[in-house]
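# Commentary on secondary and tertiary structure
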Amino acid sequence: MRTLAKRHSYGVVQMKKKAILTIPKEVRLALHLADEGELFEIIVDNGKIILEPKTLIPKEQEWFWTERWQAGEREAEEDIKAGRVSPAFDNVKDLLEALNNED
């Protein structure tokens, strides 16, 4: 998501039937929002309505997004970029042999 100024007015919108509001095109473009299907958390703060874009993470994938796991992902990425990786092995026997020969 692109960073925007802390506060910027994009004009006034009118609530329609069934309490529908239209988010102006300029806002959708600035925040890279799709025209349909986006999820928002609705926050009321001192009389103001805040719509915060959200994405849902499936329950079975929550572990991947924990800070601990992400720290490991960052570390692995750094190792890969620095060339600190082992070669690919054709079979388990060759892998175990290489592990046993490490100092």
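In this report, the structure presented in the accompanying data block is examined. Note that the coordinates shown come from a computational prediction; the quantities given were computed from them, not determined experimentally.

A separate point is the overall build of the chain. Tallying secondary structure elements over the chain gives three helices and two strands in all. Its C-alpha atoms give the chain principal-axis dimensions of roughly 70 × 30 × 25 Å. Counting the 103 residues in the chain, one finds 6% classified as buried. Excluding contacts between residues fewer than 6 apart, the proportion of contacts in the chain whose partners are at least 24 apart in sequence is 17%. Here the chain contributes 16 positive and 20 negative side-chain charges, whose respective centroids are spaced 16 Å apart.

A few words on a negative patch on the surface. Together, E73, E75, E77 and E78 make up a negatively charged patch on the protein surface. Of note, E73 is situated in helix α2 (residues 67-81). Its relative accessible area of 33% is what places E73 among the partly exposed residues.

Following the criterion strictly, the structure yields three aromatic pairs and no others. Taking 4.9 Å as the distance between ring centres and 85° as the angle between the ring planes, the aromatic pair formed by F64 and W65 counts as edge-to-face. Residue classification places F64 among the partly exposed residues on the basis of a relative accessible area of 25%. The structure contains a cluster of three or more aromatic residues connected by ring pairs, namely W63, F64, W65 and W69.

Next up on the list: the pattern of salt bridges. Taken as a whole, this structure holds six salt bridges when the rule is applied. Here R74 ties to E67 by a salt bridge, and the two come within 2.5 Å at their closest N and O atoms. On the basis of relative accessible area, R74 is assigned to the partly exposed category, the value being 41%. With a shortest N-O distance of 2.7 Å, R84 and D79 are connected by a salt bridge. Under the relative-accessibility criterion, R84 is labelled exposed at 52%. Via salt bridges that share partners, E41, E52 and K54 belong to a single interconnected network.

Rules used throughout
Starting afresh in each chain, residues are numbered from 1 along the sequence in its written order. Reporting of local features is limited, given that this is a predicted model, to residues whose pLDDT is at least 70; pairs of side-chain atoms are given and counted only at 80 or more, and all residues count toward the totals for whole chains, interfaces and linings. Heavy atoms throughout the structure, all of them, feed into the side-chain values; hydrogens and water do not. To qualify as a helix, a DSSP run of H or I must reach at least 4 residues; to qualify as a strand, a run of E must reach at least 2; elements of each kind are numbered from the N terminus. Exposure classes here rest on a 1.4 Å probe applied to the protein chains alone. A residue is buried below 20% of its type maximum, exposed above 50%, and partly exposed in between. Between two residues, a contact is recorded if the distance between any of their heavy atoms is within 4.5 Å. We count Lys and Arg on the positive side and Asp and Glu on the negative side, and we leave His and both chain ends out. Working definition for charges: the position is that of NZ of Lys, CZ of Arg, CG of Asp or CD of Glu. Patches were defined on residues exceeding 30% relative accessible area and lacking a salt bridge, with like-charge contacts within 9 Å and nonpolar side-chain contacts (Val, Leu, Ile, Met, Phe, Trp, Tyr) within 5 Å. In this description, accessible areas are obtained by the Shrake-Rupley approach with a 1.4 Å probe, and a residue is regarded as covered only by the protein chains that are shown. In the sections that follow, a salt bridge refers to a side-chain nitrogen of Lys or Arg positioned within 4 Å of a carboxyl oxygen of Asp or Glu. Stacked, edge-to-face and tilted labels apply to pairs of Phe, Tyr and Trp rings (six-membered ring for Trp) whose centres lie within 6.5 Å, assigned for plane angles under 30 degrees, over 60, and everything in between, in that order.

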